[in-house]
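# Chains, contacts and geometry: an overview
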Amino acid sequence: MDAARARKIADRIQQVVAEMLERRIKDPRLGFVTVTDTRITNDLSDATVFYTVFGSEAERADSALALESAKGLIRSEVGRQTGLRHTPTLTFTHDPLPDTARHLEDLLAEAKARDVEIAKRAEGALHAGDADPYRKPEDRDHDFADEEDESSERAGRSAT
């Protein structure tokens, strides 16, 4: 199967599943579910539907049970609307991406707060050594002049 066609079918399955969850599935256990992605195998036999649930861990578990119980109805509608000869089996998987993104945002906020704290501490601090420990170009010219003087002195001593 062409990968582009498989991607189009996966997008269509995502749309059908989202419409079904919004309009036709009336299970009270189903929370605020968002279909985030759908992937289908190249032979079009298996489709994985990724979803997120806005709410607590208990609401996620209830929504997972509701999706499993409605899987047959959703699959028959997917087959009807996609027009495929063999309707793919559906697997619903909770998408961890939003949770991971939230965790990363929390870590970045914590790092930013630490940076602000360190900047406040460093505001009136002085350097332990020289303020600028690096050599300047004019220092290098001076060092070369000293080396030339030393080498000419050595040359003068060896000549005598």
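Now for a description of the structure that goes with this document.

### Regarding unusual backbone geometry
Despite not being glycine, Leu-44 shows a phi value in the positive range, around 60°. You can see Leu-44 is positioned in the loop between β1 (32-40) and β2 (46-54). With relative accessibility at 9%, the residue Leu-44 sits in the buried group.

### Looking at the packing of helix α1 (residues 3-24) against helix α3 (residues 71-82)
For the pair α1 and α3, interaxial distance at closest approach is 10 Å and the crossing angle is 130°. One way to sum up the angle between α1 and α3 is to call them oblique. Judged by the twist between their axes, the crossing of α1 over α3 is right-handed. Two secondary-structure elements touch here, α1 through Arg-12, Ile-13, Val-16, Val-17, Glu-19, Met-20, Leu-21 and Arg-24 and α3 through Leu-73, Ile-74, Glu-77, Val-78, Gln-81 and Thr-82.

### Some words on the packing of aromatic side chains
Tallied over the full model, the rule gives 1 aromatic pair. Plain terms: the ring middles of Phe-32 and Phe-54 are 6.4 Å apart, the flat faces sit at 85° to each other, and that makes the pair edge-to-face. In this pair, Phe-32 sits in strand β1 while Phe-54 sits in strand β2, placing the two residues 22 residues apart along the sequence.

### Comments concerning the sheet that holds strand β3 (residues 89-94)
Across the sheet, which stays open at both edges, the 3 strands sit in the order β1-β2-β3 with mixed pairing between neighbours. Either end of the sheet is taken by a strand with one partner, and the two such strands are β1 and β3. Put simply, the sheet's adjacent strands are angled 30° from each other on average, direction ignored. Where β1 and β2 come together, 8 bridges link them in antiparallel fashion. Bridge assignment links Arg-39 to a residue of β2, and that residue is Thr-48.

### Re the pairing of β2
On a regular strand, one side chain projects to one face of the sheet and the next to the other, so that they alternate. Between β1 and β2, which pair antiparallel and follow one another directly, the connecting turn spans 5 residues, one of which, Leu-44, has a positive phi of 60°. When β2 meets β3, the two strands line up parallel, connected through 6 bridges. Bridge pairing in β3 places Tyr-51 opposite His-94.

Definitions and cut-offs
Position labels on residues start from 1 in each chain and follow its written sequence. Side-chain atom pairs in this predicted model are given and counted only at pLDDT of 80 or more, local residue features only at pLDDT of at least 70, and totals for whole chains, interfaces and linings cover all residues. Only hydrogens and water are set aside; all other atoms, that is, all heavy atoms of the structure, feed into the side-chain values. Under the scheme used here, helices are H or I runs from DSSP no shorter than 4 residues and strands are E runs no shorter than 2 residues, and both carry numbers assigned from the N terminus. Relative accessibility decides the category of a residue: with a 1.4 Å probe and only protein chains considered, values under 20% of the type maximum give buried, values over 50% give exposed, and everything between is partly exposed. Geometry is summarised by axes, namely lines fitted to C-alpha atoms with helices restricted to the contacting stretch, and by angles between N-to-C directions that run from 0 to 180 degrees. Angle categories: roughly parallel below 35 degrees, roughly antiparallel above 145, roughly perpendicular from 65 to 115, and oblique for all the rest. Two helices that cross are described as forming a left-handed crossing if the nearer one is turned anticlockwise from the farther one by less than a right angle, and a right-handed crossing if clockwise. Contacts are assigned to residue pairs that have any heavy atoms within 4.5 Å of one another. Pairing of aromatic rings covers Phe, Tyr and Trp, the last counted by its six-membered ring, and requires centre-to-centre distances within 6.5 Å; plane angles under 30 degrees mean stacked, over 60 mean edge-to-face, and any other angle means tilted. A pair of strands is treated as paired once DSSP finds two or more bridges between them.

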